[in-house]
Amino acid sequence: MGFIDEIKARAKACKKTIVLPETEDERTYKAAETVLKEGLADLVLVGSKEEIEKNKGTYDISGATIVDPATDARTEGYIAKLVELRQKKGMTPEQAKELLLSNYLYYGVMMVKMGDADGMVSGACHSTADTLRPCLQILKTKPGTKLVSAFFLMVVPNCDMGANGTFIFADAGLEQNPDPEKLANIAISSADSFKLLVEKEPVVAMLSHSTKGSAKHADVDKVVEATKIAQELAPELALDGELQLDAAIVPSVGESKAPGSKVAGHANVLVFPDLDAGNIGYKLVQRLAKAEAYGPLTQGIAAPVNDLSRGCSAEDIVGVVAITAVQAQAE
Ligand SMILES: CC(C)(COP(=O)(O)OP(=O)(O)OC[C@H]1O[C@@H](n2cnc3c(N)ncnc32)[C@H](O)[C@@H]1OP(=O)(O)O)[C@@H](O)C(=O)NCCC(=O)NCCS
Ligand SMILES: CC(=O)OP(=O)(O)O
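Residues numbered from 1 in each chain as written. Chains lettered and ligands numbered in written order. Predicted model: local features only at pLDDT ≥ 70, side-chain atom pairs only at ≥ 80, totals over all residues. Heavy atoms only, no water.

If you check an unreviewed UniProt entry, the protein appears there as Phosphate acetyltransferase from Mediterraneibacter faecis. The record in UniProt for the protein states the following under Sequence similarities (unreviewed entry): "Belongs to the phosphate acetyltransferase and butyryltransferase family." (UniProt positions renumbered as here; feature names shortened; annotations may be inferred.)

Undergrad: I tried to follow the overall build of the protein on my own but got confused; where do I start?
TA: A tally of helices and strands in the protein yields 13 helices and 11 strands. Within the span of the protein, comprising 331 residues, buried residues form 55% of the whole. Excluding contacts between residues fewer than 6 apart, the proportion of contacts in the protein whose partners are at least 24 apart in sequence is 70%. Of the roughly 14600 Å² of accessible surface on the protein, a fraction of 49% belongs to carbon and sulfur atoms. Computed over 35 positive and 46 negative side-chain charges, the separation of the two mean positions in the protein equals 2 Å. (Helix = DSSP H or I, 4+ residues; strand = E, 2+ residues; numbered from the N terminus. Buried < 20%, exposed > 50% of the residue type's maximum accessible area, 1.4 Å probe, protein only. Contact = heavy atoms within 4.5 Å. Areas by Shrake-Rupley, 256 points an atom, 1.4 Å probe, with all protein chains shown as cover. Lys, Arg positive; Asp, Glu negative; His and termini not counted. Charge placed at Lys NZ, Arg CZ, Asp CG, Glu CD.)

Undergrad: Can you help me understand the sheet that holds strand E3 (residues 65-67) in this one?
TA: In a beta sheet, neighbouring strands pair by backbone hydrogen bonds and run either parallel or antiparallel. Taken in spatial order, the five strands line up as E3-E2-E1-E4-E11 in an open sheet, and their pairing is parallel. The open sheet has two edge strands, E3 and strand E11 (305-306), and neither has a second partner. Across three bridges, strand E2 (residues 42-46) lies against E3 in parallel orientation. In the strand pairing of E3, valine 46 is matched with valine 67. Sheet strands in contact with helix H6 (residues 104-113) are strand E1 (17-20), E2, E3 and strand E4 (119-121), and its direction is about 155 degrees off that of E4. In the packing of helix H13 (residues 314-330) onto the sheet, the strands contacted are E1, E2, E4 and E11, and the crossing angle to E4 comes to about 160 degrees. (Pairing = 2+ DSSP bridges. Axes fitted to C-alpha atoms, helices over the stretch in contact; angles between N-to-C directions.)

Undergrad: Can you walk me through the nonpolar core in this structure?
TA: Core analysis: the largest hydrophobic core is formed by 61 residues, its most contacted members being Phe3, Leu153, Leu197, Val204, Met206, Ile317 and Val321. With residues near it in sequence (within four places) discarded, isoleucine 317 still touches Leu20, Arg27, Thr28, Ala31, Val121, Ala124, Leu308 and Cys312. Judged by nonpolar contacts, the second largest core, of 30 residues, contains Val46, Tyr78, Tyr106 and Cys135. (Core = buried A, V, L, I, M, F, W, Y, C linked by side-chain atoms within 4.5 Å.)

Undergrad: Help me out: how do you make sense of the side chain of threonine 23 in this one?
TA: As for its placement among the helices and strands, threonine 23 is situated in the loop between E1 and helix H2 (26-38). Within the structure, the side chain of threonine 23 is placed 2.7 Å from the backbone oxygen of valine 46, a separation counted as a polar contact. When near neighbours in sequence (up to four residues on either side) are disregarded, threonine 23 contacts Tyr29, Leu45, Val46, Gly47, Ile52, Asn55 and Tyr104. (Polar contact = N/O pair within 3.5 Å; in protein donor to acceptor, adjacent residues only side chain to side chain.)

Undergrad: Teacher, can you tell me more about the pairing of E1 here?
TA: Every regular strand shows the same layout, with side chains that alternate between the two sheet faces. Taken together, the four bridges between E1 and E2 define a ladder with parallel strand orientation. When the bridges of E2 are listed, valine 19 appears paired with valine 44. You can see the chain leave E1, run along H2 and come back into E2, and the turn it takes is right-handed. Relative to E4, E1 is paired through two bridges, and the arrangement is parallel. If you follow isoleucine 18 over to E4, its bridge partner there is glycine 119. (Right-handed = clockwise from strand over helix to strand, strands pointing away.)

Undergrad: For this particular structure, what's the right way to read the pairing of E2?
TA: When you tally the buried positions in E2, you get four out of five residues, the bulk of the element. Viewed along the sheet, the connection from E2 through helix H3 (residues 49-55) into E3 turns out right-handed.

Undergrad: Could you clarify how one ought to interpret the site of ligand 2 in this entry?
TA: Near ligand 2 the following residues occur: Thr128, Phe152, Asn279, Tyr282, Lys283, Pro296, Ser309 and Arg310. In the model, an oxygen atom of ligand 2 is placed 3.0 Å from a nitrogen or oxygen of the asparagine 279 side chain. In the environment of ligand 2, an oxygen atom lies 2.7 Å from a nitrogen or oxygen atom belonging to the side chain of serine 309. Contact with the protein chains removes 87% of the 260 Å² of surface that ligand 2 exposes when unbound. (Near = heavy atom within 4 Å.)

Undergrad: For this particular structure, what's the right way to read the packing of aromatic side chains?
TA: Between two aromatic rings, the relevant description is the distance of the centres plus the angle of the planes. In the structure shown here, the tally under the stated rule is five aromatic pairs. Plain terms: the ring middles of phenylalanine 152 and tyrosine 282 are 3.6 Å apart, the flat faces sit at 15 degrees to each other, and that makes the pair stacked. Here tyrosine 282 lies in helix H12 (residues 275-288) and phenylalanine 152 lies in strand E5 (residues 149-155), a separation of 130 residues in the sequence. With relative accessibility at 2%, the residue tyrosine 282 sits in the buried group. Measuring from centroid to centroid gives 5.4 Å for phenylalanine 169 and phenylalanine 272, while their planes differ by 55 degrees, and the two rings are tilted. Placement of phenylalanine 169 in strand E6 (residues 166-170) and of phenylalanine 272 in the loop between strand E9 (269-271) and H12 is noted, with a sequence separation of 103 residues between them. Summarising the burial analysis for this pair, phenylalanine 169 and phenylalanine 272 share the class buried. Among the aromatic residues, ring-to-ring pairing joins Phe167, Phe169 and Phe272 into one connected group. (Phe/Tyr/Trp six-rings, centres within 6.5 Å; stacked < 30°, edge-to-face > 60°.)

Structure (structure tokens):
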């Protein structure tokens, strides 16, 4: 079984409740039909009942629960809770009401916060910033974690590198210019995500334009420092840096550029030095190598809310729903 079929089988076995708040987008309905048909999760669609009736077209979403914030009995409680959570930031009851009735992403995150759903998937028609801001503000980080970061689960066809073509690329969605501590944190969280989702041992490469001192620059120093911090925080982890991409994943290049490294040539978790590199890198592999790209998936957050690229397909949404269910089961 390939990666996504394994994930779907795990999602089916735990049957979590996942919110899809982008009821203005046709891909939501196409994905919902498949999720329900395959039994991957129970679904909540958030939106105006009339709009949903109009937008769903011929897709069969009869198995989904429709939640209309304007009429749902829980809305008052969500408003009160949102005010309680955000009053130090100046949120008034009027603002909370306006936000929850007009922005279904906030409503979906409140459903997760209040335990009325296990996770949410959004981002097909909202930017990453607009998708992730509500979860960062409301759900916050998991206990024991300081940072939320975002990764892609990449499945490269006909590829024997990584875990038979399966990789994590991080951070490819959220942290714009992580300092060494944040980069170390991203590496350790990504290793945990790899274990959870791929069920194989993570081998983590801290990527750079330099391998073991071949280039000198402050950007290289940042990755060297991050590698040191991550190795101190997680000494049991197979993690090394700084490595160029070829040294990280091609065994012969790894041996010649970083002799003696257990990671070089065998990495399956690729930690990029900044968001430019991570985001461009995942899109290159997705578009040129025709890889499956699931994400941006969050890690370090108190409950699973995952993002999508606005360029995603309905099939990508189905995959991310299944991944979200598996993350929720692990909470
Ligand atoms: C996600 C993002 C929107 C958050 O930044 P922002 O909107 O400026 O908001 P702030 O920095 O004020 O943060 C909002 C809240 O999230 C928290 N937060 C931000 N980043 C966080 C992180 N990585 N981990 C945990 N919490 C975080 C802040 O502490 C703040 O909490 P508070 O409101 O309770 O004080 C921003 O990091 C971003 O735009 N990232 C890039 C997204 C992107 O464009 N990706 C490319 C396409 S995938
Ligand atoms: C992940 C990402 O790049 O998102 P978008 O394509 O929506 O900007």
